[in-house]
Amino acid sequence: MTLITSLLGGGWHWLAALAAVIAALGATYFGGKKVGKVQQKARSDVDNARQEASRITAVAQQQQQHREEANRVATDNNSLDDAAARDKLQQSKFHKP
């Protein structure tokens with residue numbers, strides 16, 4: 001008890017310095033936790049954006065394949081005469097008499 005009273009009585013600046021050091025350590029700790037959470041959220045956002053970009057790329061490639069196939073079929077169909085087109089339609093798996 002005499003140590004506390006002597007610190008408060010004559011050496012209060014040491015007590016204030018100690019409190020400032022403790023406050024600085026606490027601010028550093030809690031500030032570091034916040035920075036860590038922000039960095040983790042940023043990493044998560046970047047990963048999500050990369051996954052979304054890869055999904056968009058896959059969809060675009062699939063659509064390109066579908067366009068190419070449709071153009072090929074249209075070109076094949078345009079080159080058929082009426083009798084061949086009729087035969088093709090009648091031989092189709094979707095033709096139901």
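As a starting point, this report considers the structure included with it. Being a predicted model, the structure only gives us computed values, none of them experimental.

## As for the pattern of salt bridges
This model, assessed by the stated rule, comprises 4 salt bridges. In this structure, K41 and D45 form a salt bridge, with 3.1 Å as the shortest nitrogen-oxygen distance. Taken as a pair, K41 and D45 lie in helix α2 (residues 12-78) at a separation of 4 residues, close to a single helical turn. Close ionic contact of R55 with E52 constitutes a salt bridge, the shortest N to O distance being 2.9 Å. Separated by 3 residues within a single helix, R55 and E52 lie in helix α2, roughly one turn from each other. On the accessibility criterion, R55 (47% relative accessible area) is partly exposed. Salt bridges sharing common partners tie together E69, R72 and D76.

Rules behind the numbers
Residues numbered from 1 in each chain as written. Predicted model: local features only at pLDDT ≥ 70, side-chain atom pairs only at ≥ 80, totals over all residues. Heavy atoms only, no water. Salt bridge = Lys/Arg side-chain N within 4 Å of Asp/Glu carboxyl O. Helix = DSSP H or I, 4+ residues; strand = E, 2+ residues; numbered from the N terminus. Buried < 20%, exposed > 50% of the residue type's maximum accessible area, 1.4 Å probe, protein only.

None of this, on its own, says anything about what the molecule does.
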